[in-house]
Amino acid sequence: MPRVVVTGMSAVTPIGNNLEESWKNLLEGKSGVDRLTRFDCTGYASQIAAEIKDFDPVLYMHPKEAKRMDRFCHLAVAASRMLIQDSGISPENMDMDLCGVILGCGLGGLETIEEFHSKLLKSGPRRVSPFYIPLLIANMAAGQVSIMTGTRGPNLVTTSACASGLHAIGYAYSDIKLGRARAMITGGVESTITPMAVSGFSAMKALSTSNDSPQQASRPFDRDRDGFVIGEGSGLLLLEDLESARERGATIYAEVTGFGASGDAYHITAPDDSGQGMALAMKQALREAKTTPEQIDHINAHGTSTSLNDLTETKAIKEVFGRHAYDILLTANKSMIGHTLGAAGGIEGVFSVKSLHHGHIPGTINLDNQDPECDLDYCGRGSIKRNINYALCNSFGFGGTNCCILFKKFEE
């Protein structure tokens, strides 16, 4: 089977409208969380969010096209444009029949649903646009990216709640390993900072209500964590078989060596508090990569800043790595970018590859009073320069779905 490598990266996040800006701010510990501005949040329990600032979709597409897309598609197309530029892939050096798109998206065009539902109730069915359905369906992210980039290979969206983006990377990796494609645009996208989303998550008591201190609200593994902060964004990778990458002289950032997926078979929202399901996914990724637990240097944790998730993930890591768990450097990007839901695994996968490529692990901010039961090294003292060879990225979602991807520093 071919080796699979990463030859392109891009991101649009609450801390930067491109990858380099996002990475710089991540290493500097800058928070993208602030007072929610997308709608009037008066009366809402949670009034904070990690919004993308000053994003203009017209920089990446024609205004007419932009009007026919929900915001989540704007972010996906923008990230894909930047990915193509970074990777240098083109019809001249790649058979586009063998290049596909698999993106993760948890909720799709919720903003569109809310807008046209309101129009329907106020003005009747004639006010519903013929573009309503194409605007909202989650697979349109992959469809629009395919149209914009000319890729004709496998094309779909994975929807597995907050694991969607990382599942997309895993299945894109699998398609290349199995010879179904030579290159895949993959990752995650989400933009659902809407009244219904905030109301729904608030009703579940899942969101932080630290409204008076937005930038300190997202605090994974901290004793005083009180829920996640909703965010938005897109993070994409170009995966490619090694032979293809060599043929076109591509820059190789890292290698993908393992993919693990599992189910808790436990509860619709709460993780199995034993951590067995999460641990199973991590073990599968290590087994596929023929890698021992002691070889892992870094874990990009799911780290949502919710009580159960952070504790359960810590238990699962201890189950998999034993005493070595205390030697691994973990980080929780959500402390700065919030929880971007279906985009989380895509963005955090990109940051995992950046850590490998640059030998620099971002810190976890707001870890002021570390939970005694979350007693691993989450880099709460700030970013750390460290040469690392293996980085594991975790994503877990409602329904008890778990996903892990293992990245390795590339060696010939």
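The sections below set out a description of the structure shown in this document. (Residues numbered from 1 in each chain as written. Predicted model: local features only at pLDDT ≥ 70, side-chain atom pairs only at ≥ 80, totals over all residues. Heavy atoms only, no water.)

Section: the overall build of the protein chain
Assigned secondary structure in the protein chain consists of 13 helices and 14 strands. Relative to the 2.2 N^0.38 estimate, which gives 22 Å for 412 residues, the radius of gyration of the protein chain is 20 Å and therefore close to what a compact globule would have. With the principal axes as the frame, the protein chain shows a C-alpha extent of 65 × 55 × 40 Å. The buried share of the protein chain, taken over its 412 residues, is 63%. (Helix = DSSP H or I, 4+ residues; strand = E, 2+ residues; numbered from the N terminus. Rg over C-alpha atoms; globule rule 2.2 N^0.38 Å. Buried < 20%, exposed > 50% of the residue type's maximum accessible area, 1.4 Å probe, protein only.)

Focus on the pattern of salt bridges
Considering all chains together, one arrives at 22 salt bridges under this definition. The salt bridge involving R225 is made with D310; its shortest N-O contact spans 3.4 Å. Of the two residues, R225 sits in the loop between α8 (195-203) and β7 (233-241) while D310 sits in helix α11 (residues 307-321), which places them 85 residues apart along the sequence. Its relative accessible area of 0% is what places D310 among the buried residues. (Salt bridge = Lys/Arg side-chain N within 4 Å of Asp/Glu carboxyl O.)

Considering the environment of C403
Relative to the assigned elements, C403 resides in strand β14 (residues 401-408). Put simply, C403 and G345 are 58 residues apart on the chain and 8.9 Å apart in space, counted from C-alpha to C-alpha. Each residue touching C403, except ones within four places of it in the same chain, is listed here: A163, L166, H167, F259, G260, A261, A281, C393, N394, S395 and F396. (Contact = heavy atoms within 4.5 Å.)

A word on the packing of helix α10 (residues 276-288) against α11
Two numbers describe how α10 lies on α11: the axes approach to 8 Å, and their chain directions differ by 40°. As judged from the angle between their axes, α10 and α11 are oblique. The handedness of the crossing between α10 and α11 is right-handed. Facing M278, A279, M282, K283 and L286 of α10, the residues of α11 in contact are N309, T312, E313, A316, I317, E319, V320 and F321. (Axes fitted to C-alpha atoms, helices over the stretch in contact; angles between N-to-C directions. Parallel < 35°, antiparallel > 145°, perpendicular 65-115°, else oblique. Left-handed = near helix turned anticlockwise from the far one by under 90°.)

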